[in-house]
Amino acid sequence: MEKKRILCFGDSLTWGYDPEKRSRIEENSRWTGVLQTLLGESYKVIEEGHNGRTIATDDPAEGEKNGLKYVIPCIESQSPLEVMIIMLGTNDLKRKFSYCSMDIAGEMQIFLEKVQAHNRFRMNDKMKVLLVSPPLVGTTGKGSWLEDCFDFLNAQKVSAELATWYKQLAEMYGCEFIDAAKLVSPSPADGVHIDAAAHRKLGQAIYEKLHESNLL
């Protein structure tokens with residue numbers, strides 16, 4: 001029997017960046033790995049986390065990070081897909097982009113428009129989408145190596161506004177929604193990334209959301 005495929009499209013929070021070791025969290029402890037364990041053998045959880053990935057912004061200083069440019073080739077290469085889980089927006093909070101929450105929401109609107117148009121016309125609307133508003137940035141980690149990059153005071157304010165926008169977008173584009181900021185907080189080690197314990201909690205919450213929303 002063919003496994004049902006779930007695509008997890010995100011940034012370093014999906015890749016599993018370890019805020020303390022600055023390496024990758026062990027596979028079974030990443031939220032994607034936790035989700036795979038809970039779902040069992042009938043499902044294939046596909047990790048598509050890219051460190052530094054933005055929603056729709058080019059970042060010449062860090063290379064090919066624009067999620068909007070890569071998402072359709074990714075969907076095509078990983079199809080057939082039962083569910084797509086999207087968690088992006090953290091890197092759009094970086095100081096160098098100077099985005100407000102409406103800017104980031106505008107990017108996400110373009111992103112969802114592209115994904116759902118492809119879903120509708122190329123996939124017969126068979127792929128269900130779960131939009132995840134990311135954890136807050138800057139609530140912890142004062143003095144960390146990422147503080148200059150993110151300007152924690154502003155990033156905390158802007159990231160706290162994203163869930164309201166994302167929830168509206170989920171309703172507009174027929175997606176399910178979950179606010180990760182209500183579940184987990186960034187590690188004090190760097191103020192941006194979540195630790196293994198938070199990954200496990202997030203994986204469990206996403207698993208429960210998939211079931212209660214009848215996405216599976």
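One can find the structure itself at the top, above this paragraph.
Below: a short report on this structure. Per-chain numbering applies: the sequence of each chain, read as written, is numbered from 1 onward. Two thresholds apply to this predicted model, a pLDDT of at least 70 for residue-level local features and 80 or more for giving and counting side-chain atom pairs, whereas whole-chain, interface and lining totals are computed over all residues. Only hydrogens and water are set aside; all other atoms, that is, all heavy atoms of the structure, feed into the side-chain values.

1. What about the packing of aromatic side chains?
Here is the rule: rings of Phe, Tyr and Trp (six-membered ring for Trp) pair when centre to centre is within 6.5 Å. Planes less than 30 degrees apart are stacked, more than 60 are edge-to-face, and the remainder are tilted. For the structure shown, the criterion picks out 3 aromatic pairs. Their ring planes at 20 degrees and their centres at 5.8 Å tell us that Phe 97 and Tyr 99 sit as a pair that is stacked. Feature note: the residues Phe 9, Tyr 70 and Phe 111 constitute an aromatic cluster, connected by ring pairs. We call a charge positioned over a ring when the NZ of a Lys or the CZ of an Arg lies within 6 Å of the ring centre and within 35 degrees of the ring normal. Over the face of the ring belonging to Phe 9 we find Arg 53, whose NZ or CZ atom lies 4.1 Å from the ring centre.

2. Quick look at the layout of surface pockets
A cavity, in this analysis, means grid points on a 1 Å lattice covering only the protein atoms where a 1.4 Å probe fits yet has no way out; a pocket is instead an open set bounded by protein on both sides within 12 Å along at least five of seven lines, and a residue lines either one if it has an atom within 4 Å of a point. Grid points are joined across faces, edges and corners, and a volume is the space filled by probe spheres set on the points. Size it by volume and the largest pocket reaches roughly 220 Å³. Around the largest pocket, the lining comprises 16 residues; the ones closest to its centre are Ser 12, Gly 52, Asn 91, Lys 94 and His 193. Note on residue classes: Ala, Val, Leu, Ile, Met, Phe, Trp, Tyr, Cys and Pro are nonpolar, Asp, Glu, Lys and Arg are charged, and everything else, Gly too, is polar. In terms of residue class, the lining of the largest pocket is built from 6 nonpolar, 6 polar and 4 charged.

3. Some points on the packing of helix α2 (residues 31-39) against helix α7 (residues 196-212)
For every element, the axis is a line fit to its C-alpha atoms; helices are fit only across the contacting stretch, and the angle between N-to-C directions ranges from 0 to 180 degrees. The secondary structure listing takes helices from DSSP runs of H or I that are at least 4 residues long and strands from runs of E that are at least 2 residues long, numbered from the N terminus. Running from N to C, α2 and α7 point in directions that differ by 45 degrees, and their axes come no closer than 8 Å. Here α2 lies oblique to α7, going by the angle between them. Relative to α7, α2 is oriented so that their crossing is right-handed. When α2 is examined against α7, the residues Trp 31, Val 34, Leu 35, Leu 38 and Leu 39 are found in contact with a partner set consisting of His 199, Arg 200, Leu 202, Gly 203, Gln 204, Ile 206, Tyr 207, Leu 210 and His 211. Any angle from 65 to 115 degrees is called roughly perpendicular, while one under 35 is roughly parallel, one over 145 is roughly antiparallel, and all others are oblique. By convention, the crossing between two helices is left-handed when the near helix turns anticlockwise from the far helix through less than a right angle, and right-handed when the turn is clockwise. Note on contacts: a residue pair qualifies if any of its non-hydrogen atoms lie within 4.5 Å across the two residues.

4. So, helix α4 (residues 101-122)
Expected span of a helix: the number of residues minus one, times 1.5 Å. Here α4 is 22 residues long and its end C-alpha atoms lie 31 Å apart, about the 32 Å a rise of 1.5 Å per residue gives. Of the surrounding secondary structure, the elements contacted by the buried residues of α4 are β1 (4-10), α3 (67-78), β3 (83-87), β4 (128-133) and α6 (152-172).

5. Examining the pattern of salt bridges
Pairing is possible between side chains that carry opposite charge, provided their charged atoms lie close to one another. Should a side-chain nitrogen of Lys or Arg be within 4 Å of a carboxyl oxygen of Asp or Glu, the pair is scored as a salt bridge. Summed over the entire model, instances satisfying the criterion amount to 13 salt bridges. As a salt-bridge pair, Lys 3 and Glu 41 come within 3.9 Å of each other at their nearest N and O atoms. Of this pair, Lys 3 sits in the segment before β1 while Glu 41 sits in the loop between α2 and β2 (43-49), and the two are 38 residues apart along the sequence. For Glu 161, the salt bridge identified is with Lys 157, shortest N-O distance 3.2 Å. Linking Glu 161 with Lys 157, this pair stays in helix α6, spanning 4 residues, or about one helical turn.

By themselves, these figures tell us nothing about what the structure is for.
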